[in-house]
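Structural overview for review
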Amino acid sequence: MIRAFALLLMLGAAPAAAQSALKGLDTSQPIDFDAGRIEVQDREKQAVLSGDVVIRQGRLTLLADRVRVLYSQDAAGNAAMDRLDARGHVKLTSPSETATGEVGIYDVGARIITLTGNVVLDRGAGNVLRGQRLVLNLVSGLTSFDSRAPGQSSGGRVTGRFTIPERKTTP
């Protein structure tokens, strides 16, 4: 796996650039949703949201055409969200980052978000990365890219552009 942000560090960028702005996201905050339709399938322990789905958790927003919510229930019948599977025009935004892809998976328990399929990560100021798979670890802040699409044994390349801020010189 190609670790694009490790390369960024070797190129001399600030260490904070290797970390997602979502590091430290309070994943205990509620997950709110807004959709055109919801279909709850209790027997399968899932709910399907469709129609311009918007999901928010703190500073994180997920947009998609359709999201399948997988959940579990304790003995008292209380539901706990385990995973979100988003498909179609998936867009993940934070105050300083935007990532798009074809499929998004948020493993709520592991606190890991994975985007696949023509992924673009825009960190602003001209810093853009492209690949087939992006993994964001919300605990550590580590962001990694892979050039292969799921199911491929070989693939393309991770591409990107890092801008270098002007340095002020002292006379």
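The coordinates are above.
Attention in this report is confined to the structure presented alongside it.

Thresholds, definitions, all that
Residues numbered from 1 in each chain as written. Predicted model: local features only at pLDDT ≥ 70, side-chain atom pairs only at ≥ 80, totals over all residues. Heavy atoms only, no water. Patch = residues over 30% accessible without salt bridge, like charges linked within 9 Å, V, L, I, M, F, W, Y side chains within 5 Å. Areas by Shrake-Rupley, 256 points an atom, 1.4 Å probe, with all protein chains shown as cover. Salt bridge = Lys/Arg side-chain N within 4 Å of Asp/Glu carboxyl O. Buried < 20%, exposed > 50% of the residue type's maximum accessible area, 1.4 Å probe, protein only. Helix = DSSP H or I, 4+ residues; strand = E, 2+ residues; numbered from the N terminus. Contact = heavy atoms within 4.5 Å.

Thoughts on a nonpolar patch on the surface
Together, Phe-33, Ile-38 and Val-40 make up a nonpolar patch on the protein surface, roughly 290 Å² of accessible area in all. Residue classification places Phe-33 among the partly exposed residues on the basis of a relative accessible area of 49%.

Brief notes about unusual backbone geometry
Positive phi is not limited to glycine here, since Lys-45 has a value of about 55°. As for its position among the elements, Lys-45 is in the loop between β2 (37-41) and β3 (46-57). Overall, the relative accessible area of 32% leaves Lys-45 in the partly exposed class. Not every positive phi belongs to a glycine, and Asn-118 is a case in point at roughly 50°. Tracing the backbone shows Asn-118 in strand β7 (residues 112-122).

Regarding the pattern of salt bridges
One pass over the full model with this rule turns up five salt bridges. In this structure, the salt-bridge partner of Asp-85 is Arg-68, at a minimum N-O distance of 2.8 Å. Placement of the pair is Asp-85 in strand β5 (residues 79-93) and Arg-68 in strand β4 (residues 60-73), with a sequence separation of 17 residues. For Arg-68, a relative accessible area of 27% puts it in the partly exposed group. Between Asp-146 and Arg-133 there is a salt bridge whose closest N-O contact spans 3.9 Å. Of the two residues, Asp-146 is situated in strand β9 (residues 143-146) and Arg-133 in strand β8 (residues 128-137); the sequence distance between them amounts to 13 residues. Exposure remark for Asp-146: the relative accessible area of 7% places this residue in the buried category.

Some thoughts on the environment of Asp-52
Within the fold, Asp-52 resides in strand β3. Since its relative accessible area comes to 65%, Asp-52 is described here as exposed. When the C-alpha positions of Asp-52 and Ala-64 are compared, they lie 6.1 Å apart, and in sequence the two are twelve residues distant. Aside from chain neighbours lying at most four places away, what touches Asp-52 is Asp-34, Ala-35, Ala-64 and Asp-65.

Distances and angles like these do not, on their own, reveal function.
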